[in-house]
Amino acid sequence: FQQQFFIAGLSAGGEFALQYAFHYPSAMTGVAALSAEQYPSADANVRELPILILVGQEDQSAVEGAQLFEESLQRQNLPVRVIMLDGEDEDLSSDASRLTVEFALQASRIIP
């Protein structure tokens, strides 16, 4: 087993991925939430945890939720990135998979 790993999830799985990563930040290289339904609060323990949020730009309430989450993390100086993609939340393009993999590789320091 590796000492650290990357976690990602879609919809409710995205919320779970964030909760898990926020609870065990030292075990994570990064976390990606795709179309998360809700966003947990973060504390100082996640200071070095890279966070990626992907959301479908056609779902206005999901976009607003992601932006509010991003703003709250930025106020805490946490490394977060929100990307809005074409489509509805459950129908995100193949770009979502590509971006998540690239982010995981970067967060794991496999690629610069």
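In what follows, the accompanying structure is described. (Residues numbered from 1 in each chain as written. Predicted model: local features only at pLDDT ≥ 70, side-chain atom pairs only at ≥ 80, totals over all residues. Heavy atoms only, no water.)

### Considerations on the overall build of the protein
Piece 1. What the protein contains, in helices and strands, is three helices and four strands.
Piece 2. Order of helices (α) and strands (β) in the protein, N terminus to C terminus: β-α-β-β-α-β-α.
Piece 3. A compact globule built from 112 residues would reach a C-alpha radius of gyration of about 13 Å, and the protein, at 13 Å, matches this within 12%.
Piece 4. Dimensions of the protein, computed from C-alpha atoms along their principal axes, come out at roughly 35 × 30 × 25 Å.
Piece 5. In the protein, which comprises 112 residues, the proportion classed as buried is 46%.
Piece 6. Counting contacts in the protein only where the partners sit at least 6 residues apart, residues at least 24 apart contribute 57% of the total.
Piece 7. For the protein, the distance from the average site of its 5 positive side-chain charges to the average site of its 16 negative ones is 14 Å. (Helix = DSSP H or I, 4+ residues; strand = E, 2+ residues; numbered from the N terminus. Rg over C-alpha atoms; globule rule 2.2 N^0.38 Å. Buried < 20%, exposed > 50% of the residue type's maximum accessible area, 1.4 Å probe, protein only. Contact = heavy atoms within 4.5 Å. Lys, Arg positive; Asp, Glu negative; His and termini not counted. Charge placed at Lys NZ, Arg CZ, Asp CG, Glu CD.)

### Let's talk about the pairing of strand 1 (residues 5-10)
Piece 1. Judged from the six bridges that link them, strand 1 and strand 2 (residues 28-34) form a sheet pairing that is parallel. If you follow Ile7 over to strand 2, its bridge partner there is Val31.
Piece 2. With helix 1 (residues 12-23) bridging strand 1 and its parallel neighbour strand 2, the resulting β-α-β unit is right-handed. (Pairing = 2+ DSSP bridges. Right-handed = clockwise from strand over helix to strand, strands pointing away.)

### A look at helix 3 (residues 94-107)
Piece 1. With 14 residues, helix 3 should reach 20 Å at 1.5 Å per residue; the first-to-last C-alpha distance of 20 Å fits that figure.
Piece 2. Buried within helix 3 are the following residues: Ala96, Leu99, Thr100, Phe103, Ala104 and Ala107. The arc that holds every buried residue of helix 3, seen down its axis, measures 135 degrees, which confines them to one face.
Piece 3. Contacts made by the buried residues of helix 3 are with strand 1, strand 2, strand 3 (51-56) and strand 4 (80-85).
Piece 4. Within two residues after helix 3, Arg109 carries a phi angle of roughly 60 degrees, on the positive side. (Expected span 1.5 Å × (residues − 1). Arc of directions from axis to C-beta.)

### Overview of helix 1
Piece 1. Spanning 12 residues, helix 1 covers 16 Å between terminal C-alpha atoms, matching the ideal 16 Å at 1.5 Å per step.
Piece 2. Those residues of helix 1 lying buried are Gly14, Glu15, Ala17, Leu18, Ala21 and Phe22. Along the long axis of helix 1, the arc covered by the buried residues comes to 160 degrees, so they all point the same way.
Piece 3. Contacts made by the buried residues of helix 1 are with strand 1, strand 2, strand 3 and helix 2 (60-75).

### Observations regarding unusual backbone geometry
Piece 1. For Ser11, which is not glycine, the phi dihedral falls at a positive 60 degrees.
Piece 2. Topologically, Ser11 is positioned in the loop between strand 1 and helix 1.
Piece 3. Even without glycine at this site, Ser35 takes up a positive phi of about 55 degrees.
Piece 4. One can find Ser35 in the loop between strand 2 and strand 3.
Piece 5. We classify Ser35 as buried; its relative accessible area is 3%.

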